[in-house]
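Each chain, letter by letter, is given below.
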Amino acid sequence: MALLEAKNISVTLGEHRALGSISLSVQSGEWLTIIGPNGSGKSTFLNALASLQNYEGLVTVGGKSLSELTARNRAQLVSYVPQDPIVPLDMLAGDYVLLGRTPHISALGVEGKDDLNIVGEILSRLDLEELGSRSMGSLSGGELQRCQLARALAQMTPVILLDEPTAALDLGHQQQALDLLEELRRERQLTIISTMHDLTLAGQYSDRLMLFDHGTVVADGNAEDVIKVELISGTYSARIRVIEVDGAQVVVPRTKEPE
Amino acid sequence: MVLANYERLRPVWLLVGIVSVLAVAAVSLSLGPANISVGSIIYEIIDRLPLLKTNTELSEIHSNIVWEVRLPRVILGGLVGATLALSGATYQAVFRNPLADPYLLGAAAGAGLGATLGLVNRWGDGSGATDAVPLLAFGGALLAVAITYFMGLRGDSSRSPASLLLAGVAVASFLTAIQTFVLQQNADTIRQVYTWILGRLNTASWGEVWLLLPYAIGTSCVILLNRRILDVMRLGDAEAASLGIRPDRTRKIMVVAASLATAAAVAVSGLISFVGIIVPHTIRILFGSSNRIVLPLSMLFGASFMMTVDLVGRTVISPSEIPIGVITAFCGAPFFIFVLRSSRRSI
């Protein structure tokens, strides 16, 4: 049975229909990546799944309708890392990650030993132990992004939503972050729904890609089905080639040919 | 492995805060035109506690000075300082704005207009807890915040905190314009109104203490219980919501609590500025930025700061007094700049 199910999700922003009736179901432990050009509705769709955006339609996780749950119960099922999070510069990184435990701490209470254990473990998994006592303002872009990921992982939800999780990372840290997500997915059956601009990475790490254009789904399937020259160059209005290297679809931009 | 590096309120800091309040209180009780030693005041206070008896050496006159003049004034000063510092810290947290102070949403302008109307119409003279002026100031402050709140939310579906702040600026200038006009039409009361606006504790009596105390206790409990939630709010509304917090509701509860506390403080002491900004920021710089540190320590150090300021105000040019609002800015601003410049932390 599918873990997360979305039925006929539509979002209207002002007069503009940002998403038109999108339905999908995601299995437990599946990694789905939504791709598409700027303004195609990727982030709006993630916001709707995270209940940060008013939408029409129904989203269920484990059979429970998210709109009928309290904010706290929703936050125990779905965690979310936005593309551009607000970072309190004078907060310690350790405290920042610890805030991820919020949905598991009673409303007016404070964290317990278990919460500190969970956060300590996640920090060591992401090689962040050294950063715990530094302020967020003193971290590099890559360290910040890993702290944000750590905070969402500390929430210990079955579903995690990631909006451009690797945009600020260099090649090595991109791989490190994505490899870690891949490990956690195997260990805890974590279900990941992400958006990505790097189509090659998206194809390599995800089980399934969905190509959005103007708020609708243009293609849905594995990398071989979706990363095709006709589909990608059409929706992105880009000149590309797709080369297969060791079974992975690699997207290579082509320069403009002289006329 | 357990997370070891995080910011928490250390008991020793709390202790330092409590000791500073008690020390300043003791000095304030003994200093004044009538010289009374700290020791005899301590005996006197112990003597009045239930079940305890000591040989108090104070004469009846001195005993009256301590009980009816100095003690209510010291306690009121402490309560006003604690309340204004806590309200300032709360506004800074919910609006994520370091410049936020307790008067941000129009409380000062509303209280100023209420008090001015009371004074020019001679409904009261601004002293005593049952006088019309403090009640008008209290009502004016709450009314101004309520107008700001509804103006700021209407017509803005996204309910951004910034629109609330802007509405506060508009409401404050509107009410100040009316107040200035009323004052200009009644030039004979300018001095009285001006004295009220600069803030004072010299008319303090037990009546005013009892007036402020329930608000101070009630609102500070509500705010302190939410100290961790206020840290979550530092991540912004969207992320707070994805962590299961309802940011709009939290902001509403915190604004109501902080505004009630501010209105009650303003009603008994006039407009004492600056405390709500410098105390919380000094705490952030010296101890840490988590609201679990900032909120409780702001109350304690706000109290001792205000008692110190009042002590200075009533002793340096004794027998006359310097208005308390003048000293908060005169002593507070240089001290704050010193702390700001000498700190390695950023705000």
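Since the model is a prediction, treat every value here as computed from it, not as a measurement.

J.: Would you mind going over unusual backbone geometry in detail, with residue names and values included?
T.: In this structure, Gln189(A) takes a positive phi of about 55 degrees despite not being glycine. Mapping Gln189(A) onto the fold places it in the loop between α6 (171-188) and β8 (191-195). Phi is positive for Arg96(B), close to 50 degrees, though the residue is something other than glycine. Looking at the element boundaries, Arg96(B) is found in the loop between α3 (60-95) and α4 (107-120).

J.: Describe in detail the nonpolar core, supporting the description with residues and values.
T.: Of all hydrophobic cores here, the largest spans 142 residues; its most connected members are Ile35(A), Met136(A), Leu153(A), Val80(B), Phe95(B), Leu105(B) and Trp196(B). Per element, the largest residue contribution to this core is 16 residues, and it comes from α3(B). Counting residues in each nonpolar core, the second largest holds 30 residues, with Leu24(A), Val26(A), Leu77(A) and Val78(A) among its members.

J.: Residue-level account of a positive patch on the surface, with values.
T.: Residue and element names in this part refer to chain A. Together, Arg 239, Arg 241, Arg 254 and Lys 256 make up a positively charged patch on the protein surface. Turning to its location among the elements, Lys 256 is positioned in the segment after β12 (248-253). You can call Lys 256 exposed: its relative accessible area is 60%.

J.: Describe the environment of Phe274(B), listing the residues and the values that go with them.
T.: All names here are of chain B. Among the secondary structure elements, Phe 274 is positioned in the loop between α11 (247-269) and α12 (275-286). Assessed through its relative accessible area of 28%, Phe 274 is described here as partly exposed. Sequence separation between Phe 274 and Ile 293 is 19 residues, and the spatial gap between their C-alpha atoms is 20 Å. Those residues within four positions of Phe 274 in sequence are excluded, and the remaining contacts are Thr 328, Ala 329, Gly 332 and Ala 333.

J.: Quick one: what's the story with the packing of aromatic side chains, residue by residue and with numbers?
T.: Residues and elements named next belong to chain B. Using the criterion set out here, one finds eight aromatic pairs over all chains in the structure. Here the aromatic rings of Trp 13 and Phe 287 are separated by 5.0 Å at their centres, their planes lie at 55 degrees, and the arrangement is tilted. Taken together, the residues Trp 13 in helix α1 (residues 11-30) and Phe 287 in the loop between α12 and α13 (291-315) connect sequence positions 274 residues apart. Comparing Trp 13 with Phe 287 shows no difference in burial state: the two are buried. The interplanar angle of 55 degrees and the centroid separation of 5.2 Å between the aromatic rings of Phe 138 and Tyr 215 together place this pair among those described as tilted.

Basis of the calculations
- Residues numbered from 1 in each chain as written.
- Chains lettered and ligands numbered in written order.
- Predicted model: local features only at pLDDT ≥ 70, side-chain atom pairs only at ≥ 80, totals over all residues.
- Heavy atoms only, no water.
- Helix = DSSP H or I, 4+ residues; strand = E, 2+ residues; numbered from the N terminus.
- Core = buried A, V, L, I, M, F, W, Y, C linked by side-chain atoms within 4.5 Å.
- Buried < 20%, exposed > 50% of the residue type's maximum accessible area, 1.4 Å probe, protein only.
- Patch = residues over 30% accessible without salt bridge, like charges linked within 9 Å, V, L, I, M, F, W, Y side chains within 5 Å.
- Areas by Shrake-Rupley, 256 points an atom, 1.4 Å probe, with all protein chains shown as cover.
- Salt bridge = Lys/Arg side-chain N within 4 Å of Asp/Glu carboxyl O.
- Lys, Arg positive; Asp, Glu negative; His and termini not counted.
- Charge placed at Lys NZ, Arg CZ, Asp CG, Glu CD.
- Contact = heavy atoms within 4.5 Å.
- Phe/Tyr/Trp six-rings, centres within 6.5 Å; stacked < 30°, edge-to-face > 60°.

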